[in-house]
Amino acid sequence: MIINSKDLLKQAQNHAFAFPHFNFWDSNSIRADIAAAEKLQLPVILAWAQKHSSEIGIEDALMLGKFYGSKAKVPVVLHLDHGTDPELVKWGAKNGFSSVMIDESDKDFDENVRITKDVTKLAHSLGLSVEAEIGHVGDNNSEDHSKYTEVDAAKRFAKLTSVDSLAVSIGTSHGVYKAGTPQINFDRLQDLKSNVKIPLVLHGGSSSGDANLTKAAEFGITKVNIYTDLANTSLKAATEKKI
Ligand code: 13P
Ligand code: ZN
């Protein structure tokens, strides 16, 4: 069954735990994610990211997501992740995603608000939940550096855009960490939680360490995004001919 993410994230917020968000890129990855969720009898958030368009296009991702998501024995959120093209996000919202992220976190505050508000209006009219990002979660393998989320900006952004959840930058980044686990700023997270009423989301979850992720959930994170660890594990298994 495919569901919206709004109630799930509110539930996580009220009970101080986090749901996993797994990116999928082919039928093996989506089937493995659903099999794991069914084994645990827990809901799961499955996501296609715009930056994975060269591996799998949006139409193919929707076809896989709708097919496997609707016959899953657990609730599945079909999420569009890191949508940087507002027209593509709107198209995805109209064509089967149950939740979307509009990511204009590389723009200035006003531009991020303007585009996010526009996409949110359309998505809400279709009954979808919307995630956006303020501050910026960067990438370990490029010059795309993280920019910490400012509490006041996050508070104003949530109010101005009416989004349902907010991705915040508190020390994680996308991809493989060069050394150890990331230094998460839990003081900032606590401050964000006290000032922002909507559920908070953590990107760059791979290899962040169980202790960090457990504490993040206890301190207000309601969803943890994971991609790199899944992709690397699949690659390793394929190389060793385990799949
Ligand atoms: P990782 O690839 O670091 O797990 O990050 C995933 C992510 O944030 C997807 O949006
Ligand atoms: Zn991300």
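Before reading on, note that the structure itself is shown above.
Every value quoted in this text rests on a predicted model; they were computed, and no experiment measured them.

Caption draft 1: Geometry of the nonpolar core. Grouped together as the largest cluster of nonpolar side chains are 58 residues, with contacts concentrated most on Val-100, Leu-166 and Ile-221. Apart from residues no more than four positions distant in its own chain, Ile-221 is found in contact with Phe-17, Ala-18, Val-168, Ile-170, Leu-189, Leu-200, Val-201, Leu-202 and Ala-216. Counting six residues, the second largest nonpolar core, distinct from the first, contains Leu-9, Ala-12, Ile-45 and Val-77.

Caption draft 2: Quick look at the pairing of strand S6 (residues 129-134). S6 sits mainly inside the fold: six of its six residues count as buried. By the alternation rule, side chains of S6 split into Ser-129, Glu-131 and Glu-133 and Val-130, Ala-132 and Ile-134, which are all buried. Pairing of strand S5 (residues 99-102) with S6 involves four bridges; the strand directions are parallel. Along S6, the bridge assignment pairs Met-101 with Glu-131. Regarding topology, helix H5 (residues 109-125) serves as the crossover connection from S5 to the parallel S6, and that connection is right-handed. Pairing between S6 and strand S7 (residues 165-168): four bridges, direction parallel. Counted as the bridge partner of Glu-131 is Ser-165 from S7.

Caption draft 3: Region of the structure containing the site of ligand 1. Lining the immediate environment of ligand 1, one finds 14 residues, of which Asp-81, Gly-204, Ser-206, Tyr-227 and Thr-228 sit closest. A distance of 3.0 Å separates an oxygen atom of ligand 1 from a polar atom in the side chain of His-174. At a separation of 2.9 Å, an oxygen atom of ligand 1 approaches a polar backbone atom of Tyr-227. In this structure the site holding ligand 1 corresponds to the largest pocket. Going through the elements one at a time, strand S4 (76-83) and strand S9 (221-226) are the ones with two or more residues in the shell around ligand 1. Grouping the constituent residues of the shell around ligand 1 by class yields two nonpolar, eleven polar and one charged.

Caption draft 4: Examining the coordination of the zinc ion (ligand 2) more closely. Those protein atoms acting as donors to the zinc ion (ligand 2) are His-82 (NE2), His-174 (NE2) and His-203 (ND1), and they sit at 2.0 to 2.1 Å. Taking the relative accessible area as the measure of exposure, His-82 reaches 7% and is therefore buried.

Caption draft 5: Quick look at the pattern of salt bridges. Overall, the coordinates contain nine salt bridges when judged by the stated rule. The residue Glu-87 makes a salt bridge to Lys-90 at a minimum N-O spacing of 3.8 Å. Here the residue Glu-87 and the residue Lys-90 both occupy positions in helix H4 (residues 86-94), the gap between them amounting to three residues, near one helical turn. Given the relative accessible area of 52%, Glu-87 is considered exposed.

Caption draft 6: Up close: empty space enclosed by the protein. If you walk through the whole model with that rule in mind, you get one cavity of 30 Å³ or more. Of the pockets and cavities examined, the largest cavity occupies roughly 90 Å³. Mapped onto the lining of the largest cavity, the elements with two or more residues apiece are helix H1 (6-15), S4 and S6. Element by element, the count of residues in the lining of the largest cavity is highest for S6, at three residues. Of the residues contributing to the lining of the largest cavity, the split by class is four nonpolar, five polar and four charged.

Caption draft 7: Structural context of the packing of aromatic side chains. Counted under the stated rule, the structure contains six aromatic pairs. Between the aromatic rings of Phe-67 and Tyr-68, the centroid separation amounts to 4.9 Å while the plane-to-plane angle is 75°, which identifies the pairing as edge-to-face. We classify Phe-67 as partly exposed; its relative accessible area is 46%. What makes Tyr-68 buried here is its relative accessible area of 19%. Positioned above the aromatic ring of Phe-109 is the side chain of Arg-156, whose terminal nitrogen or guanidinium carbon lies 4.4 Å from the ring centre. The side chain of Lys-215 reaches across the aromatic face of Phe-186, ending 4.5 Å from its centre.

Caption draft 8: Layout of the packing of H4 against H5. Interaxial distance between H4 and H5 falls to 10 Å at its minimum, and their mutual angle equals 15°. As the angle between them shows, H4 and H5 are arranged roughly parallel. Here H4 and H5 pass one another in a crossing that is right-handed. In this structure, H4 uses Pro-86, Val-89, Lys-90, Ala-93 and Lys-94 to contact H5, whose residues at the interface are Ile-115, Asp-118, Val-119 and Leu-122.

Calculation rules
- Residues numbered from 1 in each chain as written.
- Chains lettered and ligands numbered in written order.
- Predicted model: local features only at pLDDT ≥ 70, side-chain atom pairs only at ≥ 80, totals over all residues.
- Heavy atoms only, no water.
- Core = buried A, V, L, I, M, F, W, Y, C linked by side-chain atoms within 4.5 Å.
- Buried < 20%, exposed > 50% of the residue type's maximum accessible area, 1.4 Å probe, protein only.
- Contact = heavy atoms within 4.5 Å.
- Helix = DSSP H or I, 4+ residues; strand = E, 2+ residues; numbered from the N terminus.
- Pairing = 2+ DSSP bridges.
- Right-handed = clockwise from strand over helix to strand, strands pointing away.
- Near = heavy atom within 4 Å.
- Polar contact = N/O pair within 3.5 Å; in protein donor to acceptor, adjacent residues only side chain to side chain.
- 1 Å grid on protein atoms, 1.4 Å probe; cavity = no way out; pocket = protein on both sides within 12 Å on 5 of 7 lines; lining within 4 Å.
- Sits in = over half its atoms within 2 Å of the grid points.
- Nonpolar A, V, L, I, M, F, W, Y, C, P; charged D, E, K, R; others polar.
- Donors = N, O, S within 2.8 Å, 3.2 Å for Na, K, Ca; no water.
- Salt bridge = Lys/Arg side-chain N within 4 Å of Asp/Glu carboxyl O.
- Points joined across faces, edges and corners; volume = space filled by probe spheres on them.
- Phe/Tyr/Trp six-rings, centres within 6.5 Å; stacked < 30°, edge-to-face > 60°.
- Lys NZ or Arg CZ within 6 Å of the ring centre and 35° of its normal.
- Axes fitted to C-alpha atoms, helices over the stretch in contact; angles between N-to-C directions.
- Parallel < 35°, antiparallel > 145°, perpendicular 65-115°, else oblique.
- Left-handed = near helix turned anticlockwise from the far one by under 90°.

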